[in-house]
Structure formats: structure tokens, C-alpha cells
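Spelled out, the chains give:
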Amino acid sequence: MGGAEDGRSTGTGRPTSRDVARLAGVSHTAVSFVFNGRAEGNLSPATQERIRQAAVQLGYRPDPVARGLRRRRTAVIGLVTDEIASSPFAGRLLRGAMEAAWDSDHLVVTIDSGGDPAKEDAAVAELLDRRVDGIIYAAMSLRRVHVPEGMHRTHSVLANCLPDDGSLPAVVPAERAGGRTAARLLLGAGHRRLAVIGGLADIASSERTRGFREALRAEGVTVPEEWIVRGGGEISAGYAGALRLLDGVEAESRPTGVLCYNDRVAAGVLHAAARLGIDVPAELSVVGYDDQEHMAGFLTPPLTSIALPHRAMGEAAARLLLDAIETGSTPPATVRRLACPVVSRASVGPAPTR
């Protein structure tokens, strides 16, 4: 093949490896050794450095297409998402994946399907036609997904979702452990009358609540069924749920601590508490979930939240994929669960003494 990588001029004035060889006073093979990772043991450190300095002086960069064709790789991975590109967590997950890929000299091509299965299948087919080295499928919220069929024809990993057929490896938040963490935080502050507000009929809601109740049960504390108030994941759900539990109820009969489905729900709880004249955190402690950027830290009071590890998920999924690409192996279809840490702010305080 012609082009800069094999040393022949491209006709565009782009410097070639033969130009580097002439400037450095070495053979063309020596330049190839340096830029193909074979210099150690074949060239002295001084010669390697001279070649690199010549490349910098000329502005030479190896042709990634030609190099990829020889290695049967393109140094590109695909990232197919449902709605994550429009979610508040998109930047974190994408940055994690892109930086991990960049560290391994790969680029990431992202396609947002808008949750349309036909578009997802088409996106995967397009990426396969472009011979990407592998594909990550990422979801906006934790759920089971039907994996686009084409993903079984290349190295593939899921992020923030689980395959409905158990066929591919996945990296997800440790949601149940996050619920246990929230419970222990409130228990540690002396709270025993605890509630859960917000949530959907989804994996995240059930796992967080399950972990929350497990940790409380271990301390002999139970959550009354009527104190688990579902209703959604928006501010309005938090507001309505808090009014249902707090409005017109004597202080000694209402919960003193609340785990919210997410930070938006927590914002609604804080709004309802303010309307009812209930002080947070003196009378009511509130724990959010997600640690939503540009929101959790700016509520009144600033919200203590259980952080979803979106950036870490992106990094871990990309590294798992890149390891499979490098070794040519198929990673086992296991689920890796990443910790959801507490981000402490001002919405949690000691339980009221009365």
C-alpha cells in the first residue's frame, strides 16, 4: 500500500518515514521499528531518541489507517447509547471511556440511538462495516437490554445495563451496596425512623431499597410499607411523596431520615420540607442518589448524595474491551459492580432527640 506509513510520498507534502530516516541518518527499517513498538532490543536508546527528534522536527506522524490494516485493527472503538448523550451523566461516562481509549491509542466514535432498537441495530452494523475494534453499549439508566445482534460478531461490553440473555460482560453500579451505604450513613447519625421516596418499577429502585432495608434490618430497624412511597424520578415525585409522609403529621410520628431515588426527587423533598417549615437537617435528614453535577451541591441545603460511578463505568468498560482487543480473547460474560460512594454535604445531621 502506498502512503506515509510505507515511506512513499503521498503527494500532499506530508512528511514520510523515509524523510525521518534521512534526517536522522538511519535506515527506513529503524524508523519502522520505533513507530511499530519494536525498537527495544533492536536499536540503542540514543538512536531511538534521534529518530523521535527527527519526527518531531518534521511534524511526522505514522499513518493510523495503514498501520491498522497491517495489524488488522483500526484503533477505533464504537460507543452505542440509548439516550445517554442527552442525559446529565453523559459527560462523565463518555469522558471515562474516551480517556481510557486515548491512553491505549484508540479513538471513540459515539452514536446515540434515542432508544430506537432499529437504529441501534443499524448503528452496530455501520460500526462493523467501518471495522471498529470493538463496541461498548451504554444505557442512560440501569436496565436489562436486548443486545443488538451485531455485537456478538466483535468484542463487546455493556456499561450501566445488563444483557437480557447473559451473553456479554457488563459494568454496572453496585446499587444494592449503595442502598446499604445510605442506610448506614443515616443509622450512624442516630436515625431509626426512616423512609424511601421516589422510584420506578426498575432495577435501580428495587436494588437500592433492598440494600437499604437489609442494612436497617441488621440493626433491628424496619421501614413501614407505607413509608416506601414510589411515584417516579422527578422533582414533583419528591414533593408529592414528602407531603404524603410529612404534612399534618406530628414530629414524633414522622420519619427523621429519607433516602430519595435520585437528586431530583431529593430536591422535591427539600422544597416540601421548606413549605412545611421542617428544618433540614435539624428535623429531617435527606440523602439523594446520583450526585448530579451542577445540582446536588447547589440545593438548599447542599445535598448529601450517593454517587453513581458513571466516569468509572466508562473507564472500566473501555479497559475491559481494550484488554480483549489486545489479547484477542473473549472476556467472560460476568457482571462487574462498581462502588457508589457517599458525597457528604449538609443535608444529613443527627437524629432529633425528641
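Per chain, residues are indexed from 1 in the order of the written sequence. Owing to the predicted nature of the model, reporting of local features is limited to residues with pLDDT of at least 70; listing and counting of side-chain atom pairs is limited to 80 or more, with chain, interface and lining totals taken over all residues. Where side-chain values are given, they derive from all heavy atoms of the structure, hydrogens and water being excluded.

Caption draft 1: Looking closely at the side chain of T81. Among the secondary structure elements, T81 is positioned in strand β1 (residues 76–81). Only heavy atoms matter for contacts: two residues are in contact if any of them lie within 4.5 Å across the pair. With near-sequence residues (within four places) excluded, T81 lies in contact with T110, I111, D112, S113, G114 and A138. Secondary structure elements are defined from DSSP: runs of H or I of at least 4 residues count as helices, runs of E of at least 2 residues count as strands, and each element is numbered from the N terminus.

Caption draft 2: Seen up close, the pairing of strand β12 (residues 304–307). Neither face of β12 is open: one carries T304 and I306, the other S305 and A307, and all of them are buried. DSSP bridges decide pairing: two strands pair if at least two such bridges lie between them. Two elements, strand β11 (residues 285–290) and β12, share 4 bridges in a ladder whose sense is parallel. Following the sheet pairing, D290 is matched in β12 by A307. Of the strand pairs in this sheet, β12 and strand β14 (residues 342–343) are connected by 2 bridges, and their pairing is antiparallel. Within β14, the residue paired with S305 across the bridge is V343. Here the term buried applies to any residue with accessible area under 20% of the maximum for its type, exposed to any over 50%, and partly exposed to those in between, with areas from a 1.4 Å probe on protein chains only.

Caption draft 3: Spotlight on the packing of helix α2 (residues 28–35) against helix α3 (residues 45–58). To obtain an axis, a line is fitted to C-alpha atoms, over the contacting stretch when the element is a helix, and the angle between two such axes runs from 0 to 180 degrees between their N-to-C directions. Contact geometry for α2 and α3: axes closest at 10 Å, N-to-C directions at 90 degrees. Looking at the two axes, α2 sits roughly perpendicular to α3. Residues A30, V31, V34 and F35 of α2 pack against Q48, I51, R52 and A55 of α3. Broken down by class, the residue content of the contact of α2 with α3 amounts to 6 nonpolar, 1 polar and 1 charged. Geometric relationships in this document are graded by angle, where less than 35 degrees denotes roughly parallel, more than 145 denotes roughly antiparallel, 65 to 115 denotes roughly perpendicular, and other angles denote oblique. When residue character is reported, Ala, Val, Leu, Ile, Met, Phe, Trp, Tyr, Cys and Pro are called nonpolar, Asp, Glu, Lys and Arg charged, and the others, Gly included, polar.

Caption draft 4: View of the state of the cysteines. Pairs of cysteine sulfur atoms within 2.5 Å are identified as disulfides in what follows. For the structure shown, the criterion picks out 0 disulfides. Of all cysteine sulfurs in the structure, the one in C340 sits closest to C260, which takes part in no disulfide; the separation is 16 Å. Residue class for C260 comes out buried when judged on its relative accessible area of 1%.

Caption draft 5: Expanded view of the packing of helix α1 (residues 17–24) against α3. Closest axis-to-axis distance for the α1/α3 pair is 9 Å, and the angle between their directions is 120 degrees. For the element pair α1 / α3, the angle class is oblique. Handedness of the crossing formed by α1 with α3: right-handed. Where α1 abuts α3, its residues D19, V20, L23 and A24 lie against R50, I51, A54, A55, Q57 and L58. Taken together, the residues of the contact of α1 with α3 sort by class into 7 nonpolar, 1 polar and 2 charged. In this scheme the crossing of two helices becomes right-handed for a clockwise turn of the near helix relative to the far one and left-handed for an anticlockwise turn of less than a right angle.

Caption draft 6: Highlighting the pattern of salt bridges. Whenever Lys or Arg places a side-chain nitrogen within 4 Å of a carboxyl oxygen from Asp or Glu, that contact is recorded as a salt bridge. A full pass over the atoms with the stated rule returns 18 salt bridges. Between E214 and R210 there is a salt bridge, with the nearest N and O atoms lying 3.6 Å from each other. Of the two residues, E214 and R210 both sit in helix α8 (residues 203–218), 4 residues apart, roughly one turn of that helix. Each of R176, R180, E207, R210 and E214 takes part in a single network of salt bridges with overlapping partners.

Caption draft 7: Summary view of helix α6 (residues 117–129). To estimate the expected span of a helix, count its residues, drop one, and scale the result by 1.5 Å. If you check α6, its first and last C-alpha atoms are 18 Å apart, about what 13 residues at 1.5 Å a residue would give, namely 18 Å. Buried residues of α6: E120, A123, V124, L127 and L128, and no others. The buried residues of α6 occupy an angular sector of 135 degrees when the element is viewed end-on, so they sit on one face. Opposite the buried face of α6, at more than 90 degrees from it, the exposed residues are A118, K119 and D129. Those residues of α6 that are buried are in contact with β1, β2 (107–112) and β3 (134–138). Here a polar contact means two N or O atoms within 3.5 Å. Within protein one must be a hydrogen donor candidate and the other an acceptor candidate, and residues neighboring in sequence count only if both atoms are side-chain atoms. For α6, the side-chain oxygen to backbone nitrogen distance between the N-cap and A118 is 2.9 Å, and the N-cap itself is D116. Of the residues one or two after α6, R131 is the one with positive phi, at around 60 degrees. Here the arc refers to the directions that run from the helix axis out to each C-beta atom.

Caption draft 8: Inspection of helix α7 (residues 175–188) at higher detail. Between the first and last C-alpha of α7 there are 20 Å, a value that for 14 residues agrees with the 20 Å anticipated at 1.5 Å per step. Restricting attention to buried positions, one finds in α7 the residues E175, G178, G179, A182, A183, L186 and L187. Those residues of α7 hidden inside the fold are in contact with β7 (170–173), β8 (194–197), α8, β10 (257–260), β11 and β12. Backbone geometry just after α7 places G190 at a positive phi near 95 degrees.

Caption draft 9: Representation of the sheet that holds β7 within the structure. Reading across the sheet, the 6 strands line up as β2-β1-β3-β5-β7-β13 and stay open at both edges, with parallel pairing between neighbours. The outermost strands of the open sheet, each flanked by one partner alone, are β2 and β13 (335–338). When strand polarity is set aside, the average angle formed by the axes of neighbouring strands in this sheet is 20 degrees. In this sheet, strand β5 (residues 155–159) lies alongside β3 in parallel orientation, the contact comprising 5 bridges.

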